[in-house]
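# Structural features, examined
Read off the chains here:
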Amino acid sequence: MRALRALLAADAEVGFEMVIMTFWSGFDIENLDPAYVARVKGDVEYAHSKGVQLGGYTLMCASRDVGSADNCISPQTGKPGSKFGQSACLGSAWAAGYFDRVRRFVEATGLDVIETDGPYHGDVCASREHPGHRGLEDSQVAQWEACRSFYHWCRGRGVYINSPDWYYFSGSNKCAM
């Protein structure tokens, strides 16, 4: 907390407008523990007092193993796996909970920025058990729509989106450096 606030003060002094707490920083956008949420909310308020927007990183799905019931199922093997290794399916029950946790965290803390990793195009899922798609045939578009819907929610609240993929027409502000 002290290190982050010192960084925010230094960033404001030299003219930076935004800080993203990225992977390995200890930031956890899915952590709804009241003490953690209060701490991040305090950091956001401090950042705002310095004229800086604050946000953080989240690994949405690619290369994220959330368990065989909710990972993408390979159409070739019928087992968990995708072209990105073990990857969460954005049409799974886990994904509905994920998006809910992240929305609640953003609302509770007032984050200005979200850096998403892993909503890459092209992931398919052959599961017929995931509630967000019927099977392989609609899995790719269903996952795109889940991400697009989340991005629309973020943009509706003025949240800046840094994304590794081309979701510009769905709300993303920036892709890569």
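The preceding data block contains the structure.
Here we summarise the structure given alongside this text. (Residues numbered from 1 in each chain as written. Predicted model: local features only at pLDDT ≥ 70, side-chain atom pairs only at ≥ 80, totals over all residues. Heavy atoms only, no water.)

### Remarks on the overall build of the protein chain
Under the convention used in this document: The numbering of helices and of strands both runs from the N terminus, where a helix is a DSSP run of H or I of at least 4 residues and a strand a run of E of at least 2. The atom set for the radius of gyration is the C-alpha atoms, and the globule formula is 2.2 Å times the number of residues raised to the power 0.38. We call a residue buried when its accessible area falls under 20% of the maximum for its residue type, exposed when it is over 50%, and partly exposed in between, using a 1.4 Å probe and counting protein chains only. Throughout, a contact is declared for two residues whenever any of their heavy atoms are within 4.5 Å.
From N to C terminus, the protein chain includes four helices and four strands. Put simply, the protein chain runs from its N terminus to its C terminus through helices and strands in the order α-β-α-β-α-β-α-β. Relative to the 2.2 N^0.38 estimate, which gives 16 Å for 177 residues, the radius of gyration of the protein chain is 17 Å and therefore close to what a compact globule would have. Each principal axis of the C-alpha atoms in the protein chain carries an extent, and together these give about 55 × 35 × 25 Å. Relative to its full complement of 177 residues, the protein chain shows a buried share of 45%. Counting only contacts in the protein chain whose residues sit at least 6 apart along the sequence, the fraction spanning at least 24 positions is 66%.

### Side note on the sheet that holds strand 1 (residues 18-21)
Keep this limit in mind: Note on pairing: DSSP must find at least two bridges between two strands before they are called paired. For helices, the axis comes from a line fit to the C-alpha atoms of the stretch in contact; other axes are also lines fit to C-alpha atoms, and the angle between any two N-to-C directions lies between 0 and 180 degrees.
In space, the four strands of this open sheet follow the order 1-2-3-4, with parallel pairing throughout. The two strands at the open ends of the sheet, each matched to only one other strand, are strand 1 and strand 4 (160-162). Pairs of neighbouring strands in the sheet enclose a mean axial angle of 25°, with direction left out of account. Sheet analysis places strand 2 (residues 53-59) next to strand 3 (residues 113-117), joined by five bridges and oriented parallel. What sits directly across from Y57, in strand 3, is E115.

### Structural notes on the pattern of salt bridges
Going by this rule: Salt bridges are defined as contacts in which a side-chain nitrogen from Lys or Arg sits within 4 Å of a carboxyl oxygen from Asp or Glu.
Within the structure shown, the criterion is met by seven salt bridges. The salt bridge partner of E30 is R101, with a shortest N-O separation of 2.9 Å. Of this pair, E30 sits in the loop between strand 1 and helix 2 (34-49) while R101 sits in helix 3 (residues 93-109), and the two are 71 residues apart along the sequence. A relative accessible area of 17% places E30 in the buried class. Take R101: its relative accessible area is 22%, and that puts it in the partly exposed class. A single salt-bridge network, built from bridges that share partners, covers E30, R64 and R101.

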